[in-house]
Amino acid sequence: MNNQFINVGFGNLVNSDKIISIVSPDGAPIKRLVQRAKEQDRVVDATAGRKTKAVIVCEGDQIVLSSLVPDTIGKRLGNTPSLIGQ
């Protein structure tokens with residue numbers, strides 16, 4: 001198994017094999033998901049104090065908050081989310 005890590009902002013790296021989804025933090029269901037994860041100490045805040053623009057859901061019910069937009073993270077993964085569903 002060859003672990004690949006992607007930069008999610010400010011030198012913070014996430015194992016790309018563990019990523020389930022990358023979503024915008026604006027929707028109410030995602031806000032509830034993040035709040036519950038915070039209450040259970042399952043959140044890693046990689047925003048360096050900036051506004052959260054992406055929520056990365058990982059295996060093991062871990063949540064990573066990033067100040068990069070989901071499109072940017074997807075491109076770093078080698079995916080092109082802007083083309084999916086169009």
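The present account deals with the structure reproduced in this document. If you're wondering where the values come from, they're calculated on a predicted model, not measured in any experiment.

What follows concerns the overall build of the protein chain. Within the protein chain, the regular secondary structure consists of two helices and six strands. Helices and strands in the protein chain line up, N terminus first, as β-β-β-α-β-β-β-α. Looking at the protein chain as a whole, 31% of its 86 residues are labelled buried. A separation of at least 24 residues holds for 46% of the contacts in the protein chain among residues at least 6 apart in sequence. With an accessible surface of roughly 5500 Å², the protein chain has 49% of that area assigned to carbon and sulfur atoms.

Take the nonpolar core next. Residues Ile6, Val8, Val14, Ile19, Ala46, Ala54, Ile56, Cys58, Val64, Leu68 and Ile73 constitute the largest nonpolar core, which totals 11 residues. Here this core takes three residues from strand β5 (residues 54–58), the largest share from any one element. Leave out the neighbours within four places in its chain, and Val64 touches Val8, Val14, Val44, Ala46, Ala54, Val55, Ile56 and Cys58. Counting residues in each nonpolar core, the second largest holds seven residues, with Ile30, Val55, Val57 and Leu65 among its members.

With that settled, consider the sheet that holds β5. Ordered by their spatial adjacency, four strands build an open sheet running β3-β5-β6-β4, and the pairing between neighbours is mixed. Edge positions in the sheet fall to β3 (19–23) and β4 (43–45), since each of these pairs with one other strand and no more. In this sheet, neighbouring strand axes are inclined to one another by 20° on average, regardless of whether the strands run parallel or antiparallel. Bridging between β5 and strand β6 (residues 62–66) involves five bridges; their strand directions are antiparallel. Bridge pairing in β6 links Ala54 to Ser66. Packing of helix α2 (residues 70–77) onto the sheet brings it into contact with β3, β5 and β6, and relative to β3 it is tilted by some 145°.

The next point concerns the pattern of salt bridges. Two side chains carrying opposite charge are able to pair once their charged atoms lie near each other. Under the defined criterion, the tally for this structure stands at one salt bridge. Residue Lys18 pairs with Glu59 through a salt bridge whose shortest N-O separation is 3.7 Å. Of the two residues, Lys18 is situated in the loop between β2 (13–15) and β3 and Glu59 in the loop between β5 and β6; the sequence distance between them amounts to 41 residues. Lys18 gets classed as partly exposed once you look at its relative accessible area, which sits at 36%. Classification of Glu59 as partly exposed rests on a relative accessible area of 44%.

To continue, consider the side chain of Ser16. With respect to the helices, strands and loops of the structure, Ser16 is situated in the loop between β2 and β3. Classification of Ser16 by relative accessible area gives buried; the value is 19%. Contacts of Ser16, omitting those with residues within four sequence positions, involve Gln4, Phe5, Ile6 and Leu77.

Conventions used here
Residues numbered from 1 in each chain as written. Predicted model: local features only at pLDDT ≥ 70, side-chain atom pairs only at ≥ 80, totals over all residues. Heavy atoms only, no water. Helix = DSSP H or I, 4+ residues; strand = E, 2+ residues; numbered from the N terminus. Buried < 20%, exposed > 50% of the residue type's maximum accessible area, 1.4 Å probe, protein only. Contact = heavy atoms within 4.5 Å. Areas by Shrake-Rupley, 256 points an atom, 1.4 Å probe, with all protein chains shown as cover. Core = buried A, V, L, I, M, F, W, Y, C linked by side-chain atoms within 4.5 Å. Pairing = 2+ DSSP bridges. Axes fitted to C-alpha atoms, helices over the stretch in contact; angles between N-to-C directions. Salt bridge = Lys/Arg side-chain N within 4 Å of Asp/Glu carboxyl O.

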